[in-house]
Number of protein chains: 2
Amino acid sequence: MLVVQKFGGSSVGSCARIQAVAQRVAQSKARFEDVVVVVSAMGDTTDDLLDLAHSFGNKINRREMDRLLSSGEQISSALLAIALESLGQKAYSLSGRDAGILTDVHFTRAQILEIDTARIQDLLAQNFIVVVAGFQGVSKSGEITTLGRGGSDLSAVALAGALRAQLCEIYTDVDGIYTTDPRIVSDARKIAQISYDEMLELASMGAKVLFNRSVELAKKYNIPLITRNSFNDNPGTLITSEEQIVEKPIVSGIALDKDQARVNIIDACDYPGIAGEIFGLLAEAKLNIDMIVQTIGKNGKTNINFTLPEEDLEICQRVLKNVRDIGSVECDRQVAKVSVVGVGMRSHSGIASAAFKALAKENINILMISTSEIKISVVVEVSLAELALQTLHKAFKLAL
Amino acid sequence: MLVVQKFGGSSVGSCARIQAVAQRVAQSKARFEDVVVVVSAMGDTTDDLLDLAHSFGNKINRREMDRLLSSGEQISSALLAIALESLGQKAYSLSGRDAGILTDVHFTRAQILEIDTARIQDLLAQNFIVVVAGFQGVSKSGEITTLGRGGSDLSAVALAGALRAQLCEIYTDVDGIYTTDPRIVSDARKIAQISYDEMLELASMGAKVLFNRSVELAKKYNIPLITRNSFNDNPGTLITSEEQIVEKPIVSGIALDKDQARVNIIDACDYPGIAGEIFGLLAEAKLNIDMIVQTIGKNGKTNINFTLPEEDLEICQRVLKNVRDIGSVECDRQVAKVSVVGVGMRSHSGIASAAFKALAKENINILMISTSEIKISVVVEVSLAELALQTLHKAFKLAL
């Protein structure tokens, strides 16, 4: 049986931590037979390297940036291999290149194209624990690339898929996925099992334990993911296909995303294709538009509302300036999105109205609504967002 | 014209220092046309990485050690390329592997086998400043290797040789090579020009600006070396072939090596081949024996004296225990070697006797003597070593 285990920055943040990880990996080796470990850079290494680079200005050659950043995982992977050897294990560290992780050549945000697993499989056959530097790969022309935020998770899931691992464990410094943010709702409950689709909705809404790219990839390969805490032995959260989940709650969790902005386009000329033109231009600018609501105005005019990450608002405003007949554009940074997520919604009606009623009872005004098969999202004033979260968490009885 | 410039750890010890190096390199690019830069790891990075590794014990997998250590130069080379780009230069960093530096597979002390310069020459033709990570290479099987102490100098000289550079500049934090250690003899003078052979004798004696491996390689390729200070614009010391040096002083410098131990083998059986047996065994144990003196004793017995680096003394004692008929072995750690070096000795007699007389005048007892064409070495009690150095420096009028 083959398991891929990924340890994040805080899990390998010091030599003592690396020693603890080595002991855990050694136990896994005894239990699972074959183990591939993926590591992030130690603690704040990546941020420290970024700071060094930015001391030379903000226009940084991305190729050189990736050569710089990839050193962090080179260090942690070698140290973990050294720690494993000191425990009497056979260990072998590999860079992204050595591990056969081929990517495109988009430096600092490369996509994995394919993985040549021959070397890893050869090492596993020789009974080595293989330690792979996360977050990095190599382009066809032999250049070091990095995979962007959450890149080490992606390395782990992609390796698990390519190696047909039975399991991929993601070790962080939290116990797993919670019904909502425990910093805001003190009685939030850890979720034992959750489907890929629910996790995707929760992650994109701000429950930032796992990045969506990794969950999507795990879903594609149908690899069970477990997120666990490397600082204790708690069982964590299993993320798997819906069919594998025995008990399906109607609502699995509530997510909050405060980093949202709302754009209102008022009295745009309502000619056919105006929405296509606007969102086409925004897509060309690589902006991730989230909720979209269009309403008919008066005199052949239309109103278009949408939300997007707050950091993209300025670019969005610049793009909209170039659209003809657009009317006036209003922007609001003081909004947040609260989402109720659960696969059980598919077979249960009335969840949306229950949510709206609970919010109304607390006098929370809903600015926008968007629903999908397994999610209901509302946009509210940011000052009311935490209250909305607490209200919904309680309404759907998610507490401990 | 092509120049290879190497910058040591203190020269790239901070972002501000890297910025200063980038400015110097940019000026060199304007002056020399083609520039290849070799960098060490920033400041104490390599020692810090060693400390991290040693926190897992002292028996460290050497392959993993090299993966770990090579990250230091990966960081500094990427940062220097970023700094050069921020000055509007075209720069491109390469790891040892990317630079085509092929080594054997002796991890942590690999030897360079050959350099495939195609990639560097291609980049130079595109007008890039090429920044190479020093201290590292790659084995035929694709493993990262490091070159041991002084490895970055060696990278620079080997690249200069392979690229047929006109000049190799080694930047450190001192102004060049001195007639002797300025910390002991305050009026020691910087040497403007010195031959490879003299430099080899001075370096091996403890004037540790340049390691012998690098000087030997420069001599082999006949590449002029300049050691300079990266913190100022002083001209430094040119190390070149004897023929290129116009003014040849009789004595170029005086070296002191305190890390010596003396071994006396007393009353060994004087059968034919005993010296061969002893020194054969010591060579098998990879011990560098330096001065050897054999004298005839009484009754078919012989006395053998030699010196070696103090750190090797314990291994030496263990080896000698296995030699039959060896008599008694005395060891003395309280000795130092003082050497007078100069190519002019070849054509001038009386240098040795002048040295002995000067030492006698100060009542310094000579324990051993060894001479070569361009060097006279004496072993003295370590407590008298600095006085011996000062005395000889004065006797041969080397002061400012």
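Residues numbered from 1 in each chain as written. Chains lettered and ligands numbered in written order. Predicted model: local features only at pLDDT ≥ 70, side-chain atom pairs only at ≥ 80, totals over all residues. Heavy atoms only, no water.

### As for the overall build of chain A
So the rule is basically this: Strands are runs of DSSP state E lasting at least 2 residues, helices are runs of H or I lasting at least 4, and numbering of each runs from the N terminus. We compute the radius of gyration from the C-alpha atoms alone; for a globule the expected value is 2.2 Å times N to the 0.38, where N is the number of residues. Summary of the burial criterion: residues with accessible area below 20% of their type's maximum are buried, those above 50% are exposed, and those between are partly exposed, where the area comes from a 1.4 Å probe applied to protein chains only. Any two residues having at least one pair of non-hydrogen atoms within 4.5 Å are treated as being in contact. Under the convention used here, a 1.4 Å probe and the Shrake-Rupley method define accessible areas, while residue burial counts only the protein chains that appear. Here Asp and Glu are counted as negative and Lys and Arg as positive; His is not counted, and neither are the chain ends. Positions of charges follow a simple convention, taking NZ of Lys, CZ of Arg, CG of Asp or CD of Glu.
Looking only at helices and strands, chain A features 12 helices and 18 strands. A compact globule built from 400 residues would reach a C-alpha radius of gyration of about 21 Å, and chain A, at 23 Å, matches this within 12%. Judged by the C-alpha coordinates and their principal axes, chain A covers about 75 × 50 × 35 Å. Scored against the burial criterion, the 400 residues of chain A give a buried share of 54%. In chain A, once contacts between residues fewer than 6 apart in sequence are set aside, the share between residues at least 24 apart is 75%. In the form shown here, chain A has an accessible surface area of approximately 17,100 Å², with 48% of it arising from carbon and sulfur atoms. Distance from the positive charge centre (41 side chains) to the negative charge centre (48 side chains) of chain A: 1 Å.

### Here we look at the UniProt feature "domain: ACT" (unreviewed entry) in chain A
For clarity, the cut-off: UniProt positions are given in the numbering used here, feature names are shortened, and annotations may be inferred rather than shown by experiment.
Feature annotation in UniProt places "domain: ACT" (unreviewed entry) on residues 263-343 of chain A, given in this structure's numbering. Here residues 263-343 of chain A runs as 25% helix and 43% strand, with 30 Å between its end C-alpha atoms.

### Points about the pairing of strand E6 (residues 129-133) of chain A
Residue and element names in this part refer to chain A. Basically, it comes down to this: Here, strands pair whenever DSSP counts at least two bridges between them.
Among the 5 residues that make up E6, 5 are buried, leaving the element largely enclosed by the rest of the structure. A two-sided burial pattern is seen for E6, the buried positions comprising Ile129, Val131 and Ala133 on one face and Val130 and Val132 on the other. Of the pairings in the sheet, the one linking strand E3 (residues 91-94) to E6 comprises 4 bridges and is parallel in character. The residue bridging leucine 94 from the neighbouring strand is valine 132, located in E6.

### Concerning the pattern of salt bridges
All names here are of chain A. The line we're drawing: A pairing counts as a salt bridge when a side-chain nitrogen of Lys or Arg comes within 4 Å of a carboxyl oxygen of Asp or Glu.
The full count for this structure, using the stated rule, is 32 salt bridges over all chains. When the shortest N-O distance is used, the salt bridge between aspartate 290 and lysine 337 registers 1.8 Å. One end of the pair, aspartate 290, is in the loop between helix H9 (274-284) and strand E14 (292-296); the other, lysine 337, is in strand E16 (residues 328-341), and 47 residues separate them in sequence. When its relative accessible area of 30% is taken as the criterion, aspartate 290 is described as partly exposed.

### A closer look at the sheet that holds strand E5 (residues 112-115) of chain A
All names here are of chain A. Test applied: Only the stretch in contact is used when fitting a helix axis, every axis being a line fitted to C-alpha atoms; angles between N-to-C directions are given from 0 to 180 degrees.
Strand order in the open sheet formed by 4 strands is E5-E4-E7-E8, with mixed pairing between adjacent strands. Of all the strands in the sheet, just E5 and strand E8 (144-146) have a single pairing partner and so form its edges. Averaged over all adjacent pairs, the angle separating strand axes in this sheet is 45 degrees, with direction ignored. Summarising the sheet, strand E4 (residues 101-103) and strand E7 (residues 136-139) pair through 2 bridges and their orientation is parallel. Its bridge partner being in E7, threonine 103 is matched across the sheet by serine 139.

### Brief notes about the interface of chain B and chain A
The condition that has to hold: Two parts lose some accessible area (1.4 Å probe) when they are put together, and adding that loss for both gives the buried area. Within 3.5 Å is the distance limit for a polar contact, defined as a pair of N or O atoms, with the added protein rule that one can donate a hydrogen and the other accept it, and that residues adjacent in sequence qualify only through two side-chain atoms. Throughout, the ten residues Ala, Val, Leu, Ile, Met, Phe, Trp, Tyr, Cys and Pro are labelled nonpolar, Asp, Glu, Lys and Arg are labelled charged, and all others, Gly among them, are labelled polar.
Contact residues are listed per partner, giving 36 residues for chain B and 36 residues for chain A. A buried area of about 3,100 Å², summed over both sides, lies between chain B and chain A, and 59% of it is on carbon and sulfur atoms. Where chain B touches chain A, the interface holds 6 salt bridges. As a salt-bridge pair, arginine 67 of chain B and aspartate 98 of chain A come within 2.9 Å of each other at their nearest N and O atoms. At the boundary of chain B and chain A, one finds 20 residue pairs in polar contact (both at pLDDT 80 or more). Sorting the residues of the side of chain B that touches chain A by element identifies helix H1 (15-32), helix H2 (45-54), helix H3 (62-86) and strand E3 (91-94) of chain B as the ones contributing at least two each. The element that contributes the greatest number of residues to the side of chain B that touches chain A is H3 of chain B, accounting for 16 residues. Residue composition of the side of chain B that touches chain A, grouped by class: 19 nonpolar, 9 polar and 8 charged.

### Describing helix H5 (residues 118-125) of chain A
Residues and elements named next belong to chain A. Selection rule: By definition, the arc is the one covered by directions from the helix axis to the C-beta atoms.
Burial in H5 covers these residues: Ile120, Leu123 and Leu124. Taken end-on, H5 shows its buried residues confined to a sector of 100 degrees, consistent with a single buried face. Directly beyond the C-terminal end of H5, a positive phi value near 75 degrees is found at asparagine 127.

### Details of the sheet that holds strand E15 (residues 301-309) of chain A
Residue and element names in this part refer to chain A. Taken together, 6 strands build an open sheet; the order of strands is E14-E15-E13-E16-E18-E17 and the sheet is antiparallel. Each end of this open sheet is capped by a strand with a single partner; those strands are E14 and strand E17 (368-372). For this sheet, the mean angle separating the axes of adjacent strands, direction not counted, is 25 degrees. The sheet contact formed by E17 and strand E18 (residues 375-381) spans 5 bridges and is antiparallel. Bridge pairing in E18 links serine 372 to lysine 375. Its contacts with the sheet place H9 against strand E13 (253-269), E14 and E15, and it is angled at close to 25 degrees to E15.

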